[in-house]
Amino acid sequence: MEEQLVQKREKRRGWLPGWGKILISVILTLAISTAGWCLLLGRSGLALMEGWLLARFAFVDTGANLDAAADQALSGLVSGLGDRWSYYLDGESYQQTRQRRANNYVGIGVTVNAVDREEGLLVLSVTQGGPAEAAGVVAGDVITEVDGVPIAGDNRSEGTSLVTGEEGTQVELTLLGEDGTTRRVTCTRATLRNPSALGQMLEDDIGYVQLTNFYSGAADSFREEVDALVEQGARGLIIDVRSNPGGYISELTSILDYLLPEGPVFQQNPRWGSQSVYVSDASCIDLPMVTLVNADTYSAAELLAAELKEFQGSPVVGTVTSGKGYSQITFPLINGGGLGLSTATYCTGEGNSLIGVGITPDVELELSETEDNQLQAAIERILEQM
């Protein structure tokens, strides 16, 4: 009996610990997981999750758009940070932003004005090699209908959205020519390159380059334009970054390296990691320079003007700039959107921050409604240095 009892106890010991281990393992895993989420998210983060779950399973309207609610919640989260430079993008906006920052866009290749002509959209320019040019659209045409939909009068504001669409699709335009005749053309939408820089030679051998952004390819585009002007005999350079929204640090530092001689040109201080100092090599553009700025000169554009002034005393003309000093990373989200968060501060090569102060121009001048008096002032400053 005693031997049999021992055997039964041994069997029982072998059976209970097996199930017990599984149960204990599950309990511990859940406890550790829950504790981990609590530590990671905190009470407020868990409350956000709790709120979504309650809306999902307890809200009376089962057809409620929870995706739209989540978009608003994420927008509210970013707004609550109190940082004007951080942002949330829904799925569609995120894809459009990625395309814009690649300096590509899907369209037919026209620049239009929606104000001057009551009949529709006035074509100001046509991209060389684009679908519109291939279809025979010329500057001066007025787009009066898009796929048969009239866009005159108050409908002009909707005209551009009707023209845009997916790559490879077609759009039919009704055009009013400068001679008063009407014709219809069909354009096939395509991906087009949007150059960041555009240069021209002004009088007195002054090179002028308008730099519209610092997104992908901006440095190459800028170098091509400046090199062309130097080959044409430019003896001074005006860089126009008015209304430039900025862009990528890599494009900025590449342009600074191209323009300036050897020395530190940019500093970045991330939340995680150590400070980065970017240094230019000895190769440079040996020309007097002036930078044009305004209140909508942001980020990399603002830093470019500040660094040229700090490094070699290049004058700045225009109005006080925005005063941005944070750099952002746009994190892709599982819902297809993107969360742009300020993750680092930045400053000039000598360590001067622009946060909240911006750049006060050497020649502070509001833009005239009748002429580009800021450009004229920049020309005068260049001539003083040549």
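Preceding block: the structure.
Below or above, wherever it landed, is the structure these notes cover. (Residues numbered from 1 in each chain as written. Predicted model: local features only at pLDDT ≥ 70, side-chain atom pairs only at ≥ 80, totals over all residues. Heavy atoms only, no water.)

Thoughts on the packing of aromatic side chains
Here is step 1: Per the counting criterion, the structure on display carries 5 aromatic pairs.
Here is step 2: Ring geometry for Trp85 versus Tyr298: centroids 5.8 Å apart, planes at 75 degrees, classification edge-to-face. With Trp85 in the loop between helix 2 (66–80) and strand 1 (87–89) and Tyr298 in the loop between strand 15 (289–293) and helix 8 (299–312), this residue pair connects regions lying 213 residues apart in the sequence.
Here is step 3: Given the relative accessible area of 14%, Trp85 is considered buried.
Here is step 4: Note on Phe222 and Tyr258: the rings are 6.3 Å apart at their centroids and 85 degrees apart in plane angle, and the pair reads as edge-to-face. Placement of the pair is Phe222 in helix 6 (residues 218–231) and Tyr258 in helix 7 (residues 249–259), with a sequence separation of 36 residues. (Phe/Tyr/Trp six-rings, centres within 6.5 Å; stacked < 30°, edge-to-face > 60°. Helix = DSSP H or I, 4+ residues; strand = E, 2+ residues; numbered from the N terminus. Buried < 20%, exposed > 50% of the residue type's maximum accessible area, 1.4 Å probe, protein only.)

Some remarks on the nonpolar core
Here is step 1: Judged by nonpolar contacts, the single largest core of 35 residues is most densely connected at Phe222, Ile239, Leu259 and Leu304.
Here is step 2: Mapped by element, the contributors of at least two residues to this core are strand 11 (206–211), helix 6, strand 12 (236–240), helix 7, strand 13 (263–270), strand 15 and helix 8.
Here is step 3: It is helix 8 that provides the largest number of residues to this core, a total of 7 residues.
Here is step 4: By size, the runner-up hydrophobic cluster in this structure holds 14 residues, among which are Leu121, Ala132, Val137 and Val185. (Core = buried A, V, L, I, M, F, W, Y, C linked by side-chain atoms within 4.5 Å.)

Side note on the sheet that holds strand 11
Here is step 1: As summarised here, the arrangement of the 6 strands in space is 10-11-12-15-16-19, forming an open sheet in which the pairing is mixed. One side of each edge strand has no neighbouring strand; the edge strands of this open sheet are strand 10 (197–202) and strand 19 (363–364).
Here is step 2: Pairing analysis gives 6 bridges linking strand 10 to strand 11, with the strands arranged antiparallel. Of the residues in strand 11, the one forming a bridge with Ala197 is Leu211.
Here is step 3: With respect to the sheet, helix 9 (residues 373–385) is in contact with strand 10, strand 11, strand 12, strand 15, strand 16 (316–318) and strand 19, its orientation differing from that of strand 15 by roughly 165 degrees. (Pairing = 2+ DSSP bridges. Contact = heavy atoms within 4.5 Å. Axes fitted to C-alpha atoms, helices over the stretch in contact; angles between N-to-C directions.)

Quick notes on the packing of helix 7 against helix 8
Helix-helix packing is described using two parameters, namely the angle between the two axes and the distance between the axes.
Here is step 1: Following both chains from N to C, one finds helix 7 and helix 8 inclined at 25 degrees, their axes separated by 10 Å at the closest point. One way to sum up the angle between helix 7 and helix 8 is to call them roughly parallel. Handedness of the helix 7/helix 8 crossing: right-handed. Packed against helix 7, whose contacting residues are Leu252, Ile255, Leu256 and Leu259, the element helix 8 presents Ala300, Leu303, Leu304, Glu307 and Leu308 at the interface.
Here is step 2: Per-class residue counts for the contact of helix 7 with helix 8 are 8 nonpolar, no polar and 1 charged. (Parallel < 35°, antiparallel > 145°, perpendicular 65-115°, else oblique. Left-handed = near helix turned anticlockwise from the far one by under 90°. Nonpolar A, V, L, I, M, F, W, Y, C, P; charged D, E, K, R; others polar.)

Here we look at the packing of helix 6 against helix 7
Here is step 1: It is the contact of helix 6 with helix 7, at a shortest axis distance of 8 Å, that shows an interaxial angle of 25 degrees. In terms of their interaxial angle, helix 6 and helix 7 are classed as roughly parallel. Where helix 6 crosses over helix 7, the handedness of that crossing is right-handed. Residues Ala218, Ala219, Phe222, Arg223, Val226 and Asp227 of helix 6 touch helix 7, and the partners they reach there are Glu251, Ser254, Ile255, Tyr258 and Leu259.
Here is step 2: Looking at the contact of helix 6 with helix 7, its residues break down into 7 nonpolar, 1 polar and 3 charged.

Side note on helix 2
Here is step 1: The terminal C-alpha atoms of helix 2, which comprises 15 residues, lie 20 Å apart, in line with the 21 Å expected from a rise of 1.5 Å per residue.
Here is step 2: Where helix 2 begins, the capping side chain belongs to Asn65, and its oxygen is found 3.1 Å from the backbone nitrogen of Asp67.
Here is step 3: Phi turns positive one or two residues past the end of helix 2, at Gly82, with a value near 75 degrees. (Expected span 1.5 Å × (residues − 1). Polar contact = N/O pair within 3.5 Å; in protein donor to acceptor, adjacent residues only side chain to side chain.)

Comments concerning helix 3 (residues 91–101)
Here is step 1: The complete set of buried residues in helix 3 reads Tyr94, Thr97 and Arg101. Buried residues along helix 3 cover an arc of 65 degrees about the axis, so they all sit on one side.
Here is step 2: Buried residues along helix 3 sit in contact with strand 1, strand 17 (326–332) and strand 18 (338–348).
Here is step 3: Once helix 3 ends, the next one or two residues include Asn103, with phi positive near 60 degrees. (Arc of directions from axis to C-beta.)

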